Amino acid sequence: MRAILAVSIGKLLRFLVRLVRPGGGSALPGVVANKLDPQLLSNALSSLDLGLVVVSGSAGKSSTTSYLVNLLEAHGLRVFTNSSTANIRQGLVAAVLNQGNWRGRLDSDIAVLEFDEGHGAVLAGELDVRLAVLTNVLSDQLDRFNDPDDVIEMLSKIGSAAKVVVLNTNDKNLAQLQFKAPVVGFGLSSELATISNPVYALNFGSHPVIANFAEAGTDCVVLNSEGKTKFLTTGLPDHQALNLAAAVAALHQLIEPSTSTIAHVLKELKPVFARNEKVKISGVDVTIRLVQNPTSFQLNLDELRSDNTPLLLMAGRDIHDPSWLWTVDFSKLDRVDIVGGFNAHELALRLAVAGIEVGAVIQDANSAADNFLALQGTGHTVLFSADAMRRVRRHWGLAK
Amino acid sequence: MSSYFSFHKDYFDNNGDQGNLSVLNYFLSQQSVLFDEVTDPESADFVIVGDASRAALREYGTELLALAPALQKRHSAGLATLIIGSSYEFLASQVSWLETPKLGPITSEFRTVDTLDAGPIVGYRNSSLLNLDFVRNGDFVGTTLFGPILAKNPTLLDQMLLACGGSSADWKPQMLDWVETIRESIST
């Protein structure tokens, strides 16, 4: 009865909010429904035959979640999942409102949920977690988490709640964690490790060796299972291969997958939106890249080519304290045509001090995006933080 | 020629504190003043010990404590020094010549601190230190306001530039507008 009331009011609120703001407003219905029935989420998830998988870590959550969902669906399973913008409690409840029936029951076989590190550490203790995928620990969101040590503790709690832990063995912050549950590793192949150098949160301790079940190689995922090695090719860029390896490793702990189905999915997979995504807006070809922390900003900058012009960099409201922009090495750039977003002035100042020419500073994300499209050139490229991305994607009609 | 010492700058840069060196270098180079790194904090014109993760402090805390006598001399003489965030918290908890910190819950927020010598100082704090956002003795500054504090506080920047043998910053008008916008945004 309680669930029906919570779901009914939640769905009604969701409908009303969307009348005012099409495509938005998942937070309020989720908050209200959770208040009315705090067990709504756990009851919905506990009814799934194949259980709950959570994906958490500083970066790579969305991509890994998306790839695992794709792989499971390709095997005929119905998967309940959440969007990357709904990875805290109210967002997850909102996803139940959206996809569940009037009793809050889900017509799915399995849930694969992206968990925010902070909220996930609390949530995981309340839920029956079958498997946890831990991607990495970066020096990220220090205004929220204060210190990477705290993130390590949060991920430890998430992993401790799971019956199997799949973790990135290249990140010694994770490799050092002790779990009662079996640990399955994924990481870079020795070949890719020589050309890719992810920067994880500082850790001066030893690096325990954990065997990799799946490894990210150049254009492939390498599976090491029962003494055999399989190579599965993928068209995804190298920096996504680690997320893909995580998804493939997790898949093998959940079902007995078909190699040919995995191979087919891996060939067809596209990067998650805004990860070097190509779009056409008002006749202009634009490459868009999401940057969420110093590591991903640096990675995306390093991948830029000289023909990626005109260039728009946007630092939105989600960057609560923009000081970390000063840890990014922008020396590769000579000029940024437009700097936009709520924190545009700090980003512009950082660029100017590095000797980089700034064409214009336009704080309003939509205006910055419009002015950018009007610029001459054939390699329009945008690097933006999550808040600026959401605003611009909505403005450009790429999201509701 | 001018010189600086930065304590393990790759690791003590949690929040872009080393950006302060970029700002000083930017204006000093405009003034044709060379700004070179030295390994002795006593002889440097400017010393910075940035904010660090707990992992970095576990690894280099002893080494940082070994620098305390040199830093104390700079403190007594009021020489240009920035000790920031967790490093300041760490040192202040270990030495008597820095004000003994009182600890409380971690507060993460923008702050404006009114100072006699440099007017309102703006920045972001993420610390458990109570009521110690910005303390100074001459040009020796201990602060919980991390990041590129000199970029956002032109009066303080000028004082540090003078201490480094340069002169007041000659801002491009556009850049100064950005700084004012940032300061206004933090103040409000």
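Preceding this paragraph is the structure being described.
Residues numbered from 1 in each chain as written. Chains lettered and ligands numbered in written order. Predicted model: local features only at pLDDT ≥ 70, side-chain atom pairs only at ≥ 80, totals over all residues. Heavy atoms only, no water.

Colleague: If you had to explain the overall build of chain A to someone new, which residues and values would you point to?
Modeller: Counting secondary structure elements, chain A contains 16 helices and 15 strands. Here the C-alpha atoms of chain A give a radius of gyration of 21 Å, agreeing with the 21 Å that 2.2 N^0.38 yields for 400 residues. C-alpha extents for chain A along the principal axes are approximately 55 × 55 × 40 Å. When the 400 residues of chain A are sorted by exposure, 57% land in the buried category. Nonlocal contacts in chain A, meaning residues at least 24 apart in sequence, comprise 72% of its contacts between residues at least 6 apart. Accessible surface, chain A: about 16,500 Å² in total, of which carbon and sulfur atoms supply 51%. (Helix = DSSP H or I, 4+ residues; strand = E, 2+ residues; numbered from the N terminus. Rg over C-alpha atoms; globule rule 2.2 N^0.38 Å. Buried < 20%, exposed > 50% of the residue type's maximum accessible area, 1.4 Å probe, protein only. Contact = heavy atoms within 4.5 Å. Areas by Shrake-Rupley, 256 points an atom, 1.4 Å probe, with all protein chains shown as cover.)

Colleague: Summarise the environment of Val122 of chain B; cite the residues concerned and give the values.
Modeller: Residue and element names in this part refer to chain B. Secondary-structure assignment places Val122 in strand S6 (residues 119–130). Taking the relative accessible area as the measure of exposure, Val122 reaches 1% and is therefore buried. Here the alpha-carbon distance between Val122 and Gly165, two residues 43 residues apart in the chain, equals 25 Å.

Colleague: Before we move on, could you go through the interface of chain B and chain A and cite the residues and values that matter?
Modeller: If you look at the interface, chain B gives 33 residues, while chain A gives 25 residues. Where chain B touches chain A, the interface holds three salt bridges. When the shortest N-O distance is used, the salt bridge between Arg54 of chain B and Asp150 of chain A registers 3.0 Å. Applying the counting criterion to the chain B and chain A interface returns four residue pairs in polar contact (both at pLDDT 80 or more). Only helix H1 (19–30), helix H2 (54–66), strand S5 (102–115), S6, helix H5 (149–152) and helix H7 (173–187) of chain B provide two or more residues apiece to the side of chain B that touches chain A. (Salt bridge = Lys/Arg side-chain N within 4 Å of Asp/Glu carboxyl O. Polar contact = N/O pair within 3.5 Å; in protein donor to acceptor, adjacent residues only side chain to side chain.)

Colleague: Could you give me a rundown of empty space enclosed by the protein, with the residues and numbers involved?
Modeller: A full pass over the atoms with the stated rule returns one cavity of 30 Å³ or more. Lining the largest cavity are 14 residues; nearest its centre among them are Gln141, Leu142, Asp143 and Trp324 of chain A together with Asn15 of chain B. Here the residues of the lining of the largest cavity sort into five nonpolar, six polar and three charged. (1 Å grid on protein atoms, 1.4 Å probe; cavity = no way out; pocket = protein on both sides within 12 Å on 5 of 7 lines; lining within 4 Å. Points joined across faces, edges and corners; volume = space filled by probe spheres on them. Nonpolar A, V, L, I, M, F, W, Y, C, P; charged D, E, K, R; others polar.)

Colleague: A description of the packing of helix H14 (residues 344–353) of chain A against H7 of chain B should follow, citing residues and the corresponding values.
Modeller: The contact between H14 of chain A and H7 of chain B brings their axes to 9 Å, and the two run at 140°. Our pair here, H14 of chain A against H7 of chain B, has a crossing hand that is left-handed. Counting all contacts with H14 of chain A, which are made through His345, Glu346, Ala348, Leu349, Ala352 and Val353 of chain A, the residues of H7 of chain B involved are Met175, Trp178, Val179, Thr181 and Ile182 of chain B. (Axes fitted to C-alpha atoms, helices over the stretch in contact; angles between N-to-C directions. Left-handed = near helix turned anticlockwise from the far one by under 90°.)

Colleague: If you had to explain the sheet that holds strand S7 (residues 134–137) of chain B to someone new, which residues and values would you point to?
Modeller: Residues and elements named next belong to chain B. Strand order in the open sheet formed by six strands is S2-S1-S3-S4-S8-S7, with mixed pairing between adjacent strands. Each edge of the sheet is formed by a strand with only one pairing partner; in this case those strands are strand S2 (35–37) and S7. Sheet twist, expressed as the mean angle between neighbouring strand axes with direction ignored, is 20°. Strand direction decides the pairing type here: strand S1 (residues 2–6) and strand S3 (residues 46–49), joined by three bridges, are parallel. (Pairing = 2+ DSSP bridges.)

Colleague: Quick rundown of the packing of helix H15 (residues 365–373) of chain A against helix H16 (residues 386–395) of chain A? Include the residues and the values.
Modeller: Residue and element names in this part refer to chain A. Contact pair H15 / H16: the axes reach a minimum separation of 9 Å and the direction vectors enclose 60°. Considered as vectors, H15 and H16 are oriented oblique to each other. Both H15 and H16 take part in a crossing whose hand is right-handed. Residues Ala365, Asn366, Ala369 and Asp370 of H15 form the contact with H16, whose own contacting residues are Arg391, Val392 and His395. Of the residues contributing to the contact of H15 with H16, the split by class is three nonpolar, two polar and two charged. (Parallel < 35°, antiparallel > 145°, perpendicular 65-115°, else oblique.)

Colleague: Residue-level account of the nonpolar core, with values.
Modeller: Phe297, Leu313 and Phe330 of chain A together with Phe46 of chain B are the most contacted members of the largest nonpolar core, which has 64 residues in total. The greatest single-element share of this core, amounting to seven residues, is contributed by H14 of chain A. Apart from residues lying up to four places away in sequence, Phe330 of chain A is in contact with Phe297, Leu301, Leu313, Leu325, Leu347, Arg350, Leu351 and Ile356 of chain A. (Core = buried A, V, L, I, M, F, W, Y, C linked by side-chain atoms within 4.5 Å.)

Colleague: Could you give me a rundown of the environment of Glu268 of chain A, with the residues and numbers involved?
Modeller: All names here are of chain A. With respect to the helices and strands, Glu268 occurs in helix H12 (residues 259–268). Under the relative-accessibility criterion, Glu268 is labelled partly exposed at 47%. Sequence separation of Glu268 and Leu290 is 22 residues, and the distance between their C-alpha atoms is 22 Å.

Colleague: Any chance you could break down the packing of aromatic side chains for me, citing the residues and the numbers?
Modeller: The description of an aromatic ring pair uses the distance of the two centres, along with the angle that the planes make with each other. Residues and elements named next belong to chain B. Throughout the structure, instances matching the rule amount to 13 aromatic pairs over all chains. Consider the rings of Tyr4 and Phe35, whose centres lie 4.9 Å apart with planes at 45°: the pair is tilted. Separated by 31 residues along the polypeptide, Tyr4 in strand S1 and Phe35 in strand S2 bring together distant segments of the chain. You can call Phe35 buried: its relative accessible area is 8%. With a centroid separation of 5.5 Å and 20° between ring planes, the pair formed by Tyr11 and Tyr60 is classed as stacked. (Phe/Tyr/Trp six-rings, centres within 6.5 Å; stacked < 30°, edge-to-face > 60°.)

Colleague: An account of the pairing of strand S8 (residues 220–225) of chain A is requested, with residue identities and associated values reported.
Modeller: Residues and elements named next belong to chain A. By the bridge criterion, four bridges tie strand S7 (residues 212–217) to S8 in an arrangement that is antiparallel. Within S8, the residue paired with Ala214 across the bridge is Leu223. Count of turn residues in the S7/S8 antiparallel hairpin: two residues, of which Asp219 carries a positive phi of about 60°.

Colleague: Kindly report on helix H4 (residues 61–74) of chain A, identifying the contributing residues and their values.
Modeller: Residues and elements named next belong to chain A. When the terminal C-alpha atoms of H4 are compared, their 20 Å separation across 14 residues agrees well with the 20 Å that a helix rising 1.5 Å per residue should span. Burial analysis of H4 places 10 of its 14 residues in the buried class, the great majority of the element. Those residues of H4 lying buried are Lys61, Ser62, Ser63, Thr64, Thr65, Tyr67, Leu68, Val69, Leu71 and Leu72. Gly76 sits one or two residues past H4 and shows a positive phi near 85°. (Expected span 1.5 Å × (residues − 1).)

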